[in-house]
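# Architecture at a glance
What follows is each chain in one-letter form.
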Amino acid sequence: MTDKEDQATRFAREAFASTEKMLKATQLFAKTRDDEISVGVTPKKLVTRRDKVELFHYEPLTERKVSTPVLVAYGLVGRYTMADLQPDRSLVRSLLNKGLDLWLIDWGQPGRNERWLTIDDYVDDYIDAAVDRIRKETGRDRVSLLGICEGGVFTTCYAALYPEKVRNLVITITPIDFHADVNDKAAHHGFINLWTRSLDPADIDKLVETYGVLPGEFMSSVFSMMTPMRSLTKYNVDLIDVIDDEDKFMNFLRMEKWLADRPHHPGEAAKQWLKELYQDNRLIDGSFELSGRKVDLKSITAPVLNVFALDDHIIPPDCSRALGTKVGSSDYTEIPLPGGHVGLFVSSKSQGKLSQSIADWLAARD
């Protein structure tokens, strides 16, 4: 048999194997039901609802070991369910198993009716109301805050404006210096920073005026462009790789379900997010204002834990590290962890590292 015949035989064998896997994938899709790929299912109780914003309290899974309640806040550009993707890949469930008292604020699905909501509203109204409700329910004077991504910016601002209500501040994958990506040597880091700075502020206004929001579908396309080859190949190469393992197949579907659930971002808040923070970098220089008050990071006196991912292409590490020299607290800790922006929460390799780091740090300051 010639080398060409060997190659042809190998190609035919591989093509047949791929066809078999595609047939298996079709069968798996056909029998899979939506309730089998539910996300965010860790038991919780609705405490209060106002507008589209809901405050939840998670049911304890073990004896409480940290007495200070912890409020979790995700950003407006995605859903909190990334932190509770499935039982074995859930920051929420892992923290509950470590004895934390967890509360969560869910922003819901903003639409045109939320056109005029600003970051001021989310920090000075919704978060403040949630903190006060938790204080009332628990009898504690202060709460700990756990902010994720854009939610980390919100909780950082809150800790600066309301230091008397904050016991500890934990932020994860959070941008503080929105221009620090220029120092990052990794070519694939900071695309969204570069893209946002390239926008004409007038075009941002037109986008919001047209839709009343920053459309979730639009942001999905932007995130897809950040990793174009992965976006092109995940439904064939990645899917084929996991089709023989039903657990991995279900993991894949849950991740895709979370990615598809991209909420709209309220219009005025989006303009602040893109123009005042990403373009003008006002948080780091102290000129960012909420409700007429400047957000002075030196006013953060609570202990701070800053966790970031070393291979985060969305929020480069230097953008997060910048907080260390700006806070007024003498108790500041950084924990760099391996992984990417989403992988830090959902990767099998990162499971346990993030939650253990947060739980240990909070327990030591309870």
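Small disclaimer: the values here were computed from a predicted structure and weren't measured. (Residues numbered from 1 in each chain as written. Predicted model: local features only at pLDDT ≥ 70, side-chain atom pairs only at ≥ 80, totals over all residues. Heavy atoms only, no water.)

Attention now goes to the overall build of the protein. Assigned secondary structure in the protein consists of 14 helices and 14 strands. Taking 21 Å as the expected radius of gyration for a compact globule of 366 residues, we find that the protein reaches 22 Å, a close match to that expectation. Summarising its shape, the C-alpha atoms of the protein cover approximately 80 × 50 × 40 Å along the three principal directions. Taking all 366 residues of the protein together, 54% fall into the buried category. Just so you have it, the protein exposes about 16500 Å², and 51% of that area is on carbon and sulfur atoms. Computed over 47 positive and 56 negative side-chain charges, the inter-centroid distance for the protein is 2 Å. (Helix = DSSP H or I, 4+ residues; strand = E, 2+ residues; numbered from the N terminus. Rg over C-alpha atoms; globule rule 2.2 N^0.38 Å. Buried < 20%, exposed > 50% of the residue type's maximum accessible area, 1.4 Å probe, protein only. Areas by Shrake-Rupley, 256 points an atom, 1.4 Å probe, with all protein chains shown as cover. Lys, Arg positive; Asp, Glu negative; His and termini not counted. Charge placed at Lys NZ, Arg CZ, Asp CG, Glu CD.)

Turning our attention to unusual backbone geometry. Even without glycine at this site, Cys 149 takes up a positive phi of about 55 degrees. Looking at where Cys 149 falls in the secondary structure, it is placed in the loop between strand 7 (143-148) and helix 4 (150-161). Positive phi outside glycine occurs at Ile 173, with the angle close to 40 degrees. As for its placement among the helices and strands, Ile 173 is situated in the loop between strand 8 (166-172) and helix 5 (191-198).

Here we take up the nonpolar core. When a protein is soluble and globular, its nonpolar side chains tend to lie buried together. Counting 65 residues, the largest nonpolar core has Leu 71, Trp 107, Leu 283 and Val 295 as its most contacted members. In contact with Val 295, other than residues within four places in its own chain, are Cys 157, Ala 160, Leu 161, Leu 283, Gly 286, Phe 288 and Leu 290. Counting residues in hydrophobic clusters, the runner-up holds 38 residues, among them Tyr 58, Val 170, Ala 309 and Leu 354. (Core = buried A, V, L, I, M, F, W, Y, C linked by side-chain atoms within 4.5 Å. Contact = heavy atoms within 4.5 Å.)

As a further point, take empty space enclosed by the protein. Over the atoms a probe the size of a water molecule is rolled, and this reveals where empty space is left. Applying the stated criterion across every chain, the model contains three cavities of 30 Å³ or more. Taken as a whole, the largest cavity spans an internal volume of roughly 70 Å³. Tyr 74, Gly 75, Leu 76, Gly 78, Arg 79, Tyr 80, Ile 105, Asp 106, Trp 107, Gly 108, Pro 110 and Pro 263 together form the lining of the largest cavity. Taken together, the residues of the lining of the largest cavity break down into seven nonpolar, three polar and two charged. Approximately 60 Å³ is the volume attributed to the second largest cavity. Residue assignment for the lining of the second largest cavity shows that the elements contributing at least two residues are helix 2 (91-97), helix 13 (343-346) and helix 14 (353-363). Within the lining of the second largest cavity, the residues separate by chemical class into four nonpolar, six polar and no charged. (1 Å grid on protein atoms, 1.4 Å probe; cavity = no way out; pocket = protein on both sides within 12 Å on 5 of 7 lines; lining within 4 Å. Points joined across faces, edges and corners; volume = space filled by probe spheres on them. Nonpolar A, V, L, I, M, F, W, Y, C, P; charged D, E, K, R; others polar.)

Spatial relationships are all this shows, so hold off on functional conclusions.
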